[in-house]
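# Fold and contact review
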Amino acid sequence: MIETARVGDADLDELLPLVRAYCDFYDVAPTDAALLAVSCALIADPDREGIQLIARDGAEAVGFATVYWSWSTLTAARIGIMYDLYVAPAVRGRGVADALIAVCVDECRRHGANELTWQTAKDNARARRVYERLGALRSEWVDYSLGVQRDDAPRP
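Not measured: the values here are computed from a predicted model.

## Points about the nonpolar core
The biggest cluster of nonpolar side chains holds 38 residues, and the ones touching the most others in it are Val-67, Leu-85 and Val-96. For this core, the secondary structure elements donating two or more residues are helix 1 (12–25), strand 2 (50–57), strand 3 (60–72), strand 4 (77–87), helix 3 (96–111) and helix 4 (125–133). Dropping the residues within four chain positions of it, Val-67 is found in contact with Glu-49, Gly-50, Ile-51, Gly-80, Ile-81, Met-82, Cys-104, Cys-108 and Leu-116.

## Focus on the packing of helix 1 against helix 2 (residues 32–44)
Packing of helix 1 against helix 2 brings their axes to within 10 Å, and their N-to-C directions diverge by 120°. Viewed along their axes, helix 1 and helix 2 adopt a mutual orientation that is oblique. As for the relative orientation of helix 1 and helix 2, their crossing is right-handed in sense. For the pair formed by helix 1 and helix 2, the contact residues are Leu-12, Leu-15, Leu-16, Val-19, Arg-20 and Cys-23 on the first element and Asp-32, Leu-35, Leu-36, Ser-39, Cys-40 and Ile-43 on the second.

## Describing the layout of surface pockets
The gaps left among the atoms become clear once a water-sized probe is rolled over them. Its volume calculated, the largest pocket comes out at about 1,200 Å³. Residue lining of the largest pocket: 25 residues in total, with Trp-118, Gln-119, Arg-138, Ser-139 and Trp-141 positioned closest to the centre. Broken down by secondary-structure element, the contributors of at least two residues to the lining of the largest pocket are strand 4, strand 5 (116–118) and helix 4. Looking at which element gives the most residues to the lining of the largest pocket, the answer is strand 4, with four residues. When grouped by side-chain class, the residues that make up the lining of the largest pocket number 13 nonpolar, five polar and seven charged. Of the voids in this model, the second largest pocket is the one considered here, and its volume is about 590 Å³. Lining the second largest pocket are 27 residues; nearest its centre among them are Leu-85, Tyr-86, Asn-124, Ala-127 and Tyr-131. Counting residues per element, the ones that place at least two in the lining of the second largest pocket are helix 1, strand 4, helix 3 and helix 4. Grouping the amino acids of the lining of the second largest pocket by side-chain chemistry returns 16 nonpolar, five polar and six charged.

The rules behind these values
Residues numbered from 1 in each chain as written. Predicted model: local features only at pLDDT ≥ 70, side-chain atom pairs only at ≥ 80, totals over all residues. Heavy atoms only, no water. Core = buried A, V, L, I, M, F, W, Y, C linked by side-chain atoms within 4.5 Å. Buried < 20%, exposed > 50% of the residue type's maximum accessible area, 1.4 Å probe, protein only. Helix = DSSP H or I, 4+ residues; strand = E, 2+ residues; numbered from the N terminus. Contact = heavy atoms within 4.5 Å. Axes fitted to C-alpha atoms, helices over the stretch in contact; angles between N-to-C directions. Parallel < 35°, antiparallel > 145°, perpendicular 65-115°, else oblique. Left-handed = near helix turned anticlockwise from the far one by under 90°. 1 Å grid on protein atoms, 1.4 Å probe; cavity = no way out; pocket = protein on both sides within 12 Å on 5 of 7 lines; lining within 4 Å. Points joined across faces, edges and corners; volume = space filled by probe spheres on them. Nonpolar A, V, L, I, M, F, W, Y, C, P; charged D, E, K, R; others polar.

Structure below.
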């Protein structure tokens, strides 16, 4: 039976290997300290910042999701952005992603958000099948980003 809960301080040791595996999947390498800082910020202020959820199969942590709170001018309403969703390879196909997404939707409802949005890589066919099976609608937006160097960051 898959159980989900909001991440708290006591969950960080179990959460970190899942977050590290997620980063490895996307071939990025933030430090453990930086990853834990994100989780701690969410634990400290879930109403303003967002939440992380952890999924367990029995006593084993097998997945996580992160939802950040934002606003949509186009709908004039609060939204939740599911920035991360990860399920350990050994338990994929067993409903972990479905359970995490369902709780993300519930958390959005509790927070007054009218929509849960997210993105995935174009080549992540397995995830796309899950999302489409759950009835999620695919957007036609094109993503862009600009790197922003903080003023206090070391300069090369």
